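# Architecture and fold: a report
Each chain, written out:
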Amino acid sequence: MYNSFDPATTRDIYLTGEICEETIIDTIQKIDAINDWYREEVAFIMEQIAKCSIVASSDVQIVPPEDRITLHVTSHGGDGDAMISLLQTMRSSDVYIDTVAEGYVQSCGLLIFMCGDKRYTFEDTQHLWHHMSAGTRGHVEQMNRDVNNFNKFQQMIDKLTIEKTCGLVTQEKIDGLRERCMDWEMYGEEAIENGFADYLMDGDADSLQKIFIKNEEVSLNRDYVDTDGNEFKVKG
């Protein structure tokens, strides 16, 4: 189905190149396949546990095992509609989806990266945020409808950006970029300081072992990972 892709063992998915229907469908299918396998495994585990008399009491709470997907993103961006399809799949996933920004994440690529449960980047990864670009043609009424839809889509991007940066990027900041017709280009440390990413990596992207945080204050109650790869919660 996916050449060597095995949903029982594979947890690294690579989204590279243009964000379009073809690349997004492949990514969505892999995420869905891992989720299907995970749900079957959880159902089997729960069934086996339920057979044990030790958990016969209704006071016992059974917590499913945790599983995580790592989505590696390298993209200059692309189709906004295709991006939305992937974001909906990510939101509905029962398996956590962590994202890694490798090389460059621009436009739609950055928005996808921002929606990871845990977001890892490198010091020299380029992150680019900008307002959407689009065009229209036809009679005036049709063009007016298109422009209205473009504005609605941009409002959705604004809302998503503010939410995923925990308010570190404000609507005032976004409006200022629009008024000056400016793109916002940043690298690893600046991306973390502005809430686009959580962790700055120093090591192999496939292992996620050597990780350190440049600015703990802006991570806003997220989990932390020390230089040995050990996770711990923030108090308070």
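Anything mentioned here points back to the structure above.
In this report, we go over the structure that sits alongside the text. Source: prediction; values computed, not measured.

## Description of the overall build of the protein
- Broken down by element type, the protein carries six helices and ten strands.
- Only carbon and sulfur atoms are counted for the fraction: they give 48% of the accessible area of the protein, which is about 13300 Å².

## As for the pairing of strand β5 (residues 126–129)
- Here β5 shows two buried faces, one formed by Q126 and L128 and the other by H127 and W129.
- Taken together, the three bridges between β5 and strand β6 (residues 184–186) define a ladder with antiparallel strand orientation. By the bridge assignment for β6, H127 is matched with M186.

## What about helix α2 (residues 80–92)?
- The end-to-end C-alpha separation of α2 is 19 Å, in line with the 18 Å expected for 13 residues at 1.5 Å each.
- Near the N-terminus of α2, the side chain that reaches the backbone nitrogen of D81, with its oxygen 3.0 Å away, is that of D79.

## Brief notes about unusual backbone geometry
- Even without a glycine there, the phi angle at C166 is positive, about 55°.
- In this structure, C181 is a non-glycine residue whose phi angle is positive, near 55°.
- Considering the arrangement of structural elements, one finds C181 in the loop between α5 (171–179) and β6.

## Some remarks on the environment of Q154
- Structurally, Q154 can be placed in helix α4 (residues 140–164).
- Counting along the chain gives 23 residues from Q154 to H131, while the straight-line C-alpha distance between them is 6.9 Å.

## Focus: the pattern of salt bridges
- Tallying each qualifying case throughout the model produces eight salt bridges.
- A salt bridge links D26 to K30; the shortest N-O distance between them is 3.3 Å. Pair noted here: D26 and K30 are both in helix α1 (residues 21–50), with a separation of four residues, about one helical turn.
- With relative accessibility at 17%, the residue K30 sits in the buried group.
- Put simply, D98 and R68 hold a salt bridge, and the shortest N to O gap is 2.7 Å. Of this pair, D98 sits in strand β3 (residues 96–106) while R68 sits in strand β2 (residues 68–75), and the two are 30 residues apart along the sequence.

## Let's talk about α1
- In a regular helix each residue adds 1.5 Å, so 30 residues correspond to 44 Å; α1 covers 42 Å between its end C-alpha atoms and thus fits that length.
- Residues T23, I24, T27, I28, K30, I31, A33, I34, N35, Y38 and V42 constitute the buried set of α1.
- On the buried face of α1, the contacting elements are β1 (12–16), β2, α2, β3 and α3 (108–114).

## Overview of the side chain of T125
- Following the sequence through the fold, T125 ends up in the loop between β4 (119–122) and β5.
- Among residues more than four places away in sequence, those in contact with T125 are A101, E102, G103, Y104, V105, M186, Y187 and G188.

## Regarding the nonpolar core
- Of all hydrophobic cores here, the largest spans 45 residues; its most connected members are M83, M90, I112, W129 and F196.
- Those residues in contact with I112 that sit more than four places away from it in its chain are L15, I19, I24, L71, V73, M83, L86, L87, M90 and T99.

## Let's talk about the packing of α1 against α2
- Viewed as axis vectors pointing N to C, α1 and α2 meet at an angle of 10°, and their least axial separation amounts to 9 Å. When the axes of α1 and α2 are compared, the pair comes out roughly parallel. Contact with α1, carried on its side by E21, I24, T27, I28, I31, D32 and R39, involves A82, S85, L86, T89, M90 and S92 of α2 and no other residues of that element.
- Across the contact of α1 with α2, the residue classes tally to six nonpolar, four polar and three charged.

## Structural notes on the environment of G77
- Tracing the chain through its elements places G77 in the loop between β2 and α2.
- Considering only alpha carbons, one finds G77 and G17, 60 residues apart in sequence, at a separation of 7.7 Å.
- Those residues within four positions of G77 in sequence are excluded, and the remaining contacts are G17, E18, I19, Q106, S107, C108 and G109.

What counts and how
Residues numbered from 1 in each chain as written. Predicted model: local features only at pLDDT ≥ 70, side-chain atom pairs only at ≥ 80, totals over all residues. Heavy atoms only, no water. Helix = DSSP H or I, 4+ residues; strand = E, 2+ residues; numbered from the N terminus. Areas by Shrake-Rupley, 256 points an atom, 1.4 Å probe, with all protein chains shown as cover. Buried < 20%, exposed > 50% of the residue type's maximum accessible area, 1.4 Å probe, protein only. Pairing = 2+ DSSP bridges. Expected span 1.5 Å × (residues − 1). Polar contact = N/O pair within 3.5 Å; in protein donor to acceptor, adjacent residues only side chain to side chain. Salt bridge = Lys/Arg side-chain N within 4 Å of Asp/Glu carboxyl O. Contact = heavy atoms within 4.5 Å. Core = buried A, V, L, I, M, F, W, Y, C linked by side-chain atoms within 4.5 Å. Axes fitted to C-alpha atoms, helices over the stretch in contact; angles between N-to-C directions. Parallel < 35°, antiparallel > 145°, perpendicular 65-115°, else oblique. Nonpolar A, V, L, I, M, F, W, Y, C, P; charged D, E, K, R; others polar.

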